[in-house]
Structures are given as structure tokens and as C-alpha cells.
Amino acid sequence: MSDTNKHDEKLAAAVIKLTQIIVFLVVVIIALVIALVKSAPASKPEVDLEAPVPDEYGNFTEAGKLEAKRVAQNTVQYWQAPDETSLNGLSQKESILYGKELIAHTSIYFGEKGKIFNSTNGMNCQNCHLDAGTKVFGNNYSAVASTYPKYRARSGGMENIYKRVNDCFERSLNGTALDTSSKEMQAIVNYIHWLGKDVPKNKKPEGSGFKDLAFLDRAADPDKGKNVYETKCQSCHQANGEGIMNGDRTAFTYPPLWGNKSYNDGAGLYRLSNFAKYVKYNMPLGASHSATQITDEEAWDVAAFVNSQKRPKKDIKHDWPSIAEKPFDHPFGPFDDGFSEKQHKFGPFKPIREKREIMRKANSKK
Ligand code: HEC
Ligand code: HEC
């Protein structure tokens, strides 16, 4: 073999070696790049948490904005009622389940044909405290055990759960109070305590009571509300607003919204904000906070319409002994803020809120 041939062979071998090394290095680099890209955290789309977020109807509500913020931060953990299997072995089990039954089917016991006595308008607690007081933002009882006894401005004193339950018997059910020591009252209170058993003292869990609803910039309009009522509510609650009873008249299939079987004018739902919040997140039947069916305007306007119809009156002259503590939408004077009964009933509420805030700050400086 000639020297040049040998030289060529060596050269070829070196070139192959070099090529192999280069290929190896390239493969390693590619592998490294792939590994890096895969392990890097997926870049999150920028969420501007302060930007207003429209709800599914394109309305910009404060509540919607807050909700979107919490969902984006993934911090929403809604309250859930305890599992009923946790009742097994409890000495109070029977009483708690009876309490639930009384909330769900109040009229069977206290309605027109009540098994115990006829002392109410025939509504069920559950008509307004949905799913026996367990539905998220359906006026549930999750925060009752943890927050009572508490000071309530309506009575101007400390209230325990018995008093609060009887408030709804006397106002929402337009009836008479239960004896505090009765088996029925004990059962209702045991049930409410059990529902809230896992909620720390003085805390309100996510999803308790009602969900907030932004104010309108105008007064709520009963005429517009009538239109909403006719198209979205009347099919169940009826043209006369009085609902429909079942065949044997033991309960309402569709509860009344006004008329002499409805809540009285001292009840929580008679305040426009409570009504609007209840309806926005729960009506028409099947709606929920995450699947609403009406706009904010429709909710406020239908509240104005319904709460302008005839209903039983309650003697409320002892309510709100301190007039400065009346809610912005308590529709009966006297008031210390200079706004009319009409504006306290229908709004616009923003100016009332703002003026009261100024008054409150001035008072706290004194
Ligand atoms: C017509 C609707 C309606 C009916 C029926 C009704 N409630 Fe209520 N209830 C309300 C509203 C509205 C509130 C909240 C009021 C407020 O915050 O001003 C409320 C509040 C309560 C609270 C306090 C909740 C809290 O977190 O502070 C309890 C307890 C309660 N109701 C029990 C009952 C019981 C028991 C019954 C049946 C005997 C009943 N309610 C029937 C509308 C109703
Ligand atoms: C498909 C039938 C249906 C429609 C439509 C409907 N509701 Fe209801 N509504 C019910 C039923 C049933 C309840 C009682 C729920 C329960 O007991 O679980 C109820 C309860 C209520 C309550 C609380 C109880 C009371 O009688 O005071 C209010 C307030 C209310 N509805 C308002 C409205 C408004 C306003 C609309 C229209 C935007 C509407 N509902 C549409 C079936 C309906």
C-alpha cells in the first residue's frame, strides 16, 4: 500500500470520527433543547385582573368582575353541606333529619292543612332557602351557626338562631313564632347547627347567603319589570302572582310572589336588593350563580315590579330602633340621610350609599 493511500485512509477515518462526534453533539443539543422546552413552565396568558369582565350577557357587574378574579386566581372553594352519612351514630340524627324535613316541607306541618297547626301562609322555608338551605348563593344557612348570636340592627339587639328562625316564621311565612322549646324549633336549630358544623366561628364560607349584585345607575323600574315578569316568571308564578297549590292543597307547587299568601312587607325579600340577588342567581327555576338566566337590569326591575304589588302588612314600628342603621333599601322612613322613601325603595342606591359613607366618616371623627 502506498503512503498516500494510507494517509487517505487515516484522513477518512478521522473525518468519520469527527462526523460521528458532531452528529452525537447535535443529537445531545437537540435533546437538551427539547427537555428544556418541556420542563419550562407553560407561559400563562396574561390575565388583567383589574379589567372589567363582562358576564355571559355582556353586563359588567362588580360581582362578575370579582368572580372572574377569583376564578383566575383559582381560589374559589364553595361551601358544601356536610354529607348525611356523617349523621350515623349521632344521638341528634333523628332531630336533624326532622329539621331538614321541616325546612323542605314546612307547609305539610304548618300550612293550610298543617299536621301540627295552621300558623303560616303555606310557604316552605325551602322556597327561599333553596335545597333545604344548602344551595350555593341560594340563601343557604352555611354561615348561621358560625355567626349567631349576633347584633342585628333590625331589632337593635343581640339575636340568637331561635329569634332569627322565628323572624322568618313571622315575616316570610307571615305567621306566628314557634315555641322555642318545641320539638320542631329544636329540630330546625339542630339542623342549621349541623349544616354549619365545619365552618369556623365568625367566618362566612364562600357561597353563603346571597351573591352580590351591582347597583344600577338608575332607579329600578316596575314597568320594565312587569314585562320581565310576563315573559320570564308568570308561566309558573301565575298572572295574579299567587302561585299554584298542588292538587290536595298541602303545598305550593309554585309559590306566591304577592297576594295574601305571600311574604309580608317586613320580610327580607321585601328589600329590593335581597329580591334582586335571590332572583338573579336562582330564577327562573334552574338558574344558579354559575348559570344565570336574566340580566342585572331584569333582576332589579322585576324586583321593583313584584315588590310594588299587594301583600300582607307587618307592624314594624319597633324595627330599626336606630334609624342610622336602616339598610339603604329599607323602604320605610324616617331616614337620617335626606333621601325619600321612594328612592330608598327603588334607587338609584349609589347616591344613598355615598352620602351615608360620608356621614359615617364624619361621625367617626367626632
Ligand atoms: C319568602 C322568602 C323566605 C322564606 C319563605 C323564609 N325565609 Fe329565611 N330568609 C329570607 C331572606 C331574604 C333572608 C335574609 C334576610 C336579610 O339578610 O335581610 C333570610 C334569612 C334567614 C336566616 C338567617 C340567615 C343568615 O345567614 O343570617 C335564617 C336562619 C332563616 N332565614 C330561616 C328561615 C326558616 C327556618 C324559614 C321557614 C320557617 C325561612 N327562613 C323562610 C327569606 C325567606
Ligand atoms: C319554571 C317555573 C318557574 C319560573 C319560570 C320562575 N320561578 Fe320562581 N320559583 C319557582 C319555584 C318552584 C320556586 C320554589 C323553589 C323551591 O321551593 O325549591 C320559586 C321561588 C321563587 C321565589 C321565592 C319564593 C317566593 O314565592 O317568594 C321568588 C322570589 C321567585 N321564585 C321569583 C321568580 C321570578 C322573579 C321569576 C322570573 C324572573 C321566576 N321566579 C321564575 C318556579 C319558577
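Residues numbered from 1 in each chain as written. Chains lettered and ligands numbered in written order. Predicted model: local features only at pLDDT ≥ 70, side-chain atom pairs only at ≥ 80, totals over all residues.

Chemist: Give me the overall build of the protein: which residues, what numbers.
Modeler: For the protein, the helix and strand inventory stands at 15 helices and four strands. The contacts of the protein with a sequence gap of at least 6 include a subset with a gap of at least 24, amounting to 63%. (Helix = DSSP H or I, 4+ residues; strand = E, 2+ residues; numbered from the N terminus. Contact = placed C-beta atoms within 7 Å.)

Chemist: Break down the site of ligand 1 for me, with residues and values.
Modeler: Lining the immediate surroundings of ligand 1 are 24 residues, of which Cys125, Cys128, Cys168, Ser172 and Gly268 lie closest. Within the residue set of the shell around ligand 1, elements represented by two or more residues are helix H5 (125-128) and helix H8 (161-170). Sort the elements by how many residues they give to the shell around ligand 1 and H8 lands first, with four residues. In the shell around ligand 1, the residues fall into 15 nonpolar, eight polar and one charged. (Near = placed C-beta within 6 Å. Nonpolar A, V, L, I, M, F, W, Y, C, P; charged D, E, K, R; others polar.)

Chemist: Account for the packing of helix H12 (residues 272-282) against helix H13 (residues 296-306), with residues named and values stated.
Modeler: The geometry of H12 relative to H13 is characterised by a closest axis approach of 8 Å and an angle of 130° between their N-to-C directions. One finds that H12 runs oblique with respect to H13. For the pair H12 and H13, the crossing hand works out as right-handed. On H13, the residues touching Leu272, Phe275, Ala276, Val279 and Lys280 of H12 are Asp296, Ala299, Trp300, Val302, Ala303, Ala304 and Val306. Among the residues forming the contact of H12 with H13, the class breakdown is ten nonpolar, no polar and two charged. (Axes fitted to C-alpha atoms, helices over the stretch in contact; angles between N-to-C directions. Parallel < 35°, antiparallel > 145°, perpendicular 65-115°, else oblique. Left-handed = near helix turned anticlockwise from the far one by under 90°.)

Chemist: Summarise the confidence of the model for the protein; cite the residues concerned and give the values.
Modeler: Segments scoring low in pLDDT should not have their predicted coordinates read at a detailed level. On average, residues of the protein score 90 in pLDDT, and 88% of them are at 70 or above. The low-confidence segment residues 41-52, where pLDDT is below 50, has five contacts with residues more than four positions distant or belonging to other chains. Overall, residues 54-60 carries pLDDT values under 50, and its contacts beyond four positions in sequence, including any with other chains, amount to eight contacts. (pLDDT = per-residue confidence, 0-100.)

Chemist: Let's hear about the site of ligand 2: which residues, and what values?
Modeler: The environment of ligand 2 is formed by 23 residues, the closest being Cys233, Cys236, Pro255, Met283 and Pro284. When the residues that make up the shell around ligand 2 are grouped by side-chain class, the tally is 17 nonpolar, five polar and one charged.

Chemist: Requested: an account of the nonpolar core, with residues and values cited.
Modeler: Where a protein is soluble and globular, its nonpolar side chains tend to be buried together. Among the nonpolar cores identified, the biggest contains 31 residues, and Val302 and Ala303 are the most heavily contacted of them. The element best represented in this core is H13, accounting for seven residues. Beyond its immediate stretch of four places on either side in the chain, Val302 contacts Gly225, Val228, Tyr229, Cys233 and Val279. Listed in part, the 25 residues of the second largest apolar core include Leu102, Tyr141, Leu178 and Trp194. (Core = buried A, V, L, I, M, F, W, Y, C linked by C-beta atoms within 7 Å. Buried ≥ 20, exposed ≤ 12 C-beta atoms within 10 Å, placed from the backbone.)

Chemist: I'd like to hear about unusual backbone geometry, residue by residue, with values.
Modeler: Cis peptide bonds are those with omega within 30 degrees of zero, and the linkage from Tyr148 to Pro149 qualifies with -5°. By secondary structure assignment, the location of Pro149 is in the loop between helix H7 (144-147) and strand E1 (150-152). With phi around 50°, Asp131 is a residue other than glycine that occupies positive phi space. Mapped onto the secondary structure, Asp131 falls in helix H6 (residues 130-133). The class for Asp131 is partly exposed, based on 13 C-beta atoms found within 10 Å.

Chemist: Please set out the environment of Glu341 residue by residue, giving values where relevant.
Modeler: Here Glu341 is to be found in helix H14 (residues 341-346). The sequence separation of Glu341 and His330 amounts to eleven residues, and the corresponding C-alpha distance is 8.3 Å. Discounting residues that sit within four places of it in the chain, Glu341 has contacts with Pro331, Phe332 and Gly333.

Chemist: So what's going on with the packing of helix H3 (residues 93-104) against helix H9 (residues 183-195)? Which residues, and what values?
Modeler: Between H3 and H9, the least distance of the axes is 7 Å, while the angle of their chain directions is 100°. Regarding the angle of H3 to H9, the classification is roughly perpendicular. Seen from H3, the contacting residues are Ser95, Ile96, Tyr98, Gly99, Lys100, Leu102 and Ile103; seen from H9, they are Glu184, Gln186, Ala187, Ile188, Asn190, Tyr191 and Trp194. Its residues assigned to classes, the contact of H3 with H9 comprises eight nonpolar, four polar and two charged.

Chemist: Give a detailed account of H8, specifying residues and quantitative values.
Modeler: Burial in H8 covers these residues: Ile161, Val165, Asn166, Cys168 and Phe169. Taken end-on, H8 shows its buried residues confined to a sector of 155°, consistent with a single buried face. Check the buried side of H8 and you find it contacts H5, H7 and H9. (Arc of directions from axis to C-beta.)

Chemist: Any details on the environment of Phe332? Residues and values, ideally.
Modeler: Here Phe332 lies in the loop between H13 and H14. Exposure remark for Phe332: the 16 C-beta atoms within 10 Å place this residue in the partly exposed category. Sequence separation of Phe332 and Ile316 is 16 residues, and the distance between their C-alpha atoms is 9.4 Å. If sequence neighbours within four positions are ignored, Phe332 has contacts with Ile316 and Glu341.

Chemist: Please set out H9 residue by residue, giving values where relevant.
Modeler: Its 13 residues give H9 an end-to-end C-alpha distance of 18 Å, which sits within 8% of 18 Å, the value for a rise of 1.5 Å per residue. The complete set of buried residues in H9 reads Met185, Ala187, Ile188, Val189, Asn190, Tyr191, Ile192, Trp194 and Leu195. Where H9 is buried, its residues contact H3, H6, H7 and H8. (Expected span 1.5 Å × (residues − 1).)

Chemist: Outline the environment of Ala145, listing residues and values.
Modeler: In this fold, Ala145 is placed in helix H7. Between the C-alpha atom of Ala145 and that of Val189, which follows or precedes it by 44 residues, the distance is 8.9 Å. Not counting residues within four places of it along the chain, the set of residues in contact with Ala145 comprises Ile192, His193, Gly196, Lys197 and Val199.

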